[in-house]
Amino acid sequence: LARIGKEATADAFVIQRPFITAAMTPKMTRLVSSSSSPSSIVVMKQTQSVESQSHPESHPQHWTPKIFTVESPEDYYDFLKQDDRLCVVKFHASWCKSCQKFGMRFQKLALDYGDLYDNNNNNNDSSVPQHRGSIRLGQIEFASNLELCRSLGIKRLPSVHIYHSAVGLLDAFPCGPSKFPILMEKLNRYLPMTPDELRLEKTMKDGTELGNVIVQEIIQAQQQQQQ
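### Things to note about the pattern of salt bridges
Then step 1. Applying the stated criterion across every chain yields a total of nine salt bridges.
Then step 2. Residue aspartate 171 pairs with lysine 186 through a salt bridge whose shortest N-O separation is 2.9 Å. You can see aspartate 171 sitting in strand β7 (residues 168-174) and its partner lysine 186 sitting in helix α4 (residues 180-190), a full 15 residues away along the chain. Here aspartate 171 and lysine 186 have matching classes, each one buried.
Then step 3. Residue aspartate 196 pairs with arginine 199 through a salt bridge whose shortest N-O separation is 2.6 Å.

### Re the pairing of strand β5 (residues 135-141)
Successive side chains on a regular strand alternate, one facing one side of the sheet and the next facing the other.
Then step 1. Summarising burial for β5: seven of the seven residues are buried, a large majority.
Then step 2. Side-chain alternation along β5 places Ile135, Leu137, Gln139 and Glu141 on one buried face and Arg136, Gly138 and Ile140 on a second face that is also buried.
Then step 3. Both strand β3 (residues 86-92) and β5 contribute to a ladder of seven bridges, which runs parallel. The residue bridging valine 88 from the neighbouring strand is leucine 137, located in β5.

### Digging into unusual backbone geometry
Then step 1. Omega for the bond connecting leucine 157 with proline 158 falls within 30 degrees of zero, at -10 degrees, which places this linkage in the cis form.
Then step 2. By the element assignment, proline 158 lies in the loop between α3 (146-151) and β6 (159-164).

### Here we look at the sheet that holds strand β2 (residues 68-70)
Then step 1. One open sheet accounts for five strands, arranged β2-β5-β3-β6-β7; its pairing is mixed. In this open sheet, the two edge strands, each paired with only one partner strand, are β2 and β7. Going from strand to strand, the sheet's axes swing by 25 degrees on average, the running direction of each strand aside.
Then step 2. Pairing geometry for β6 and β7, over six bridges, is antiparallel. If you follow isoleucine 162 over to β7, its bridge partner there is aspartate 171.
Then step 3. Strand contacts of α4: β3, β5, β6 and β7, with the helix running at about 160 degrees to β7, the strand carrying the most contacts.

### What to know about the side chain of histidine 161
Then step 1. Tracing the backbone shows histidine 161 in strand β6.
Then step 2. A relative accessible area of 0% places histidine 161 in the buried class.

### Points about helix α2 (residues 97-113)
Then step 1. With 17 residues, α2 extends 24 Å between its outermost C-alpha atoms, agreeing within 8% with the 24 Å of an ideal straight helix rising 1.5 Å per residue.
Then step 2. Those residues of α2 not exposed but buried are Cys99, Phe102, Gly103, Phe106, Leu109, Ala110, Asp112 and Tyr113.
Then step 3. Elements in contact with the buried residues of α2: β1 (63-65), β3, β4 (116-118), β5, β6 and α4.

### Description of the nonpolar core
Then step 1. By size, the foremost hydrophobic cluster in this structure holds 25 residues, and its most contacted members are Leu86, Leu109, Ile135, Val160, Ile162, Leu183 and Leu187.
Then step 2. Contributing elements (two or more residues each) for this core: β3, α2, β5, β6, β7 and α4.
Then step 3. When neighbours within four sequence positions are excluded, leucine 187 is seen to be in contact with Leu86, Val88, Leu109, Ile135, Ile162 and Pro192.
Then step 4. Counting residues in hydrophobic clusters, the runner-up holds 20 residues, among them Phe79, Leu80, Ala93 and Tyr163.

### So, the environment of tyrosine 117
Then step 1. In this structure, tyrosine 117 sits in strand β4.
Then step 2. On the accessibility criterion, tyrosine 117 (15% relative accessible area) is buried.
Then step 3. Sequence separation between tyrosine 117 and valine 128 is 11 residues, and the spatial gap between their C-alpha atoms is 7.3 Å.

### Section: the packing of aromatic side chains
Remark: the centre distance and the inter-plane angle together describe each pair of aromatic rings, the angle taken between the planes.
Then step 1. Scanning all chains against the criterion turns up five aromatic pairs.
Then step 2. Ring geometry for tyrosine 76 against tyrosine 163: centres 5.9 Å apart, planes inclined by 80 degrees, an arrangement best described as edge-to-face. Taken together, the positions of tyrosine 76 in helix α1 (residues 73-80) and tyrosine 163 in strand β6 put the pair 87 residues apart, joining distant regions of the chain. By the burial criterion, tyrosine 76 is buried, and tyrosine 163 matches it.
Then step 3. Look at phenylalanine 102 and phenylalanine 180: their rings are 5.6 Å apart centre to centre, the planes differ by 55 degrees, and that puts the pair in the tilted class. Taken as a pair, phenylalanine 102 in helix α2 and phenylalanine 180 in helix α4 lie far apart in primary sequence, 78 residues in all.

Quick notes on the rules
- Residues numbered from 1 in each chain as written.
- Predicted model: local features only at pLDDT ≥ 70, side-chain atom pairs only at ≥ 80, totals over all residues.
- Heavy atoms only, no water.
- Salt bridge = Lys/Arg side-chain N within 4 Å of Asp/Glu carboxyl O.
- Helix = DSSP H or I, 4+ residues; strand = E, 2+ residues; numbered from the N terminus.
- Buried < 20%, exposed > 50% of the residue type's maximum accessible area, 1.4 Å probe, protein only.
- Pairing = 2+ DSSP bridges.
- Axes fitted to C-alpha atoms, helices over the stretch in contact; angles between N-to-C directions.
- Contact = heavy atoms within 4.5 Å.
- Expected span 1.5 Å × (residues − 1).
- Core = buried A, V, L, I, M, F, W, Y, C linked by side-chain atoms within 4.5 Å.
- Phe/Tyr/Trp six-rings, centres within 6.5 Å; stacked < 30°, edge-to-face > 60°.

If you want it as structure tokens, here you go:
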């Protein structure tokens with residue numbers, strides 16, 4: 001973690017990908033939109049984009065998005081298994097300027113695609129959203145959750161993890177303000193997929209990464225023999 005400090009930027013880093021599994025909600029529903037990614041390995045049955053899932057612009061201004069704040073490992077895993085929607089988790093720090101800029105776009109993502117709650121709701125259950133979004137969003141402050149962030153391999157801020165309760169960790173990457181379109185591209189890719197399609201996607205992705213590691217090890221071994 002030597003590279004994390006006040007000088008940290010949103011540039012690339014190598015991240016470990018833990019697999020969040022098993023005892024998560026078995027009930028699954030199909031989220032319908034469409035991947036704009038030409039490299040998707042699954043043929044989709046619908047042709048919508050995540051943008052088409054945004055909330056109506058006419059929703060009341062006192063409806064506000066909820067970004068769940070993780071304060072412990074228990075909070076983290078409870079959040080991930082809460083339901084069967086995609087979860088987008090932001091890792092950030094209060095002193096990180098890139099995090100602050102990214103945070104504004106993340107807030108807009110929550111407003112457009114997350115759950116919306118009525119701030120003026122004095123009678124009904126405040127835990128029930130007025131509008132159910134297509135994704136859920138969470139945030140983890142690095143200094144307040146140091147051990148958790150270390151266990152998840154966080155080495156650059158801000159960073160994003162994308163999860164699904166049926167599959168575990170789908171993607172993990174540094175995501176500064178200039179890379180926010182990458183996040184939207186990945187959401188367009190994952191949102192249309194069924195749990196089975198997401199499992200296949202993850203298997204193919206993990207297989208490709210393992211193959212790349214093996215190739216690199218072979219190359220390094222050959223170079224050492226030549227020396």
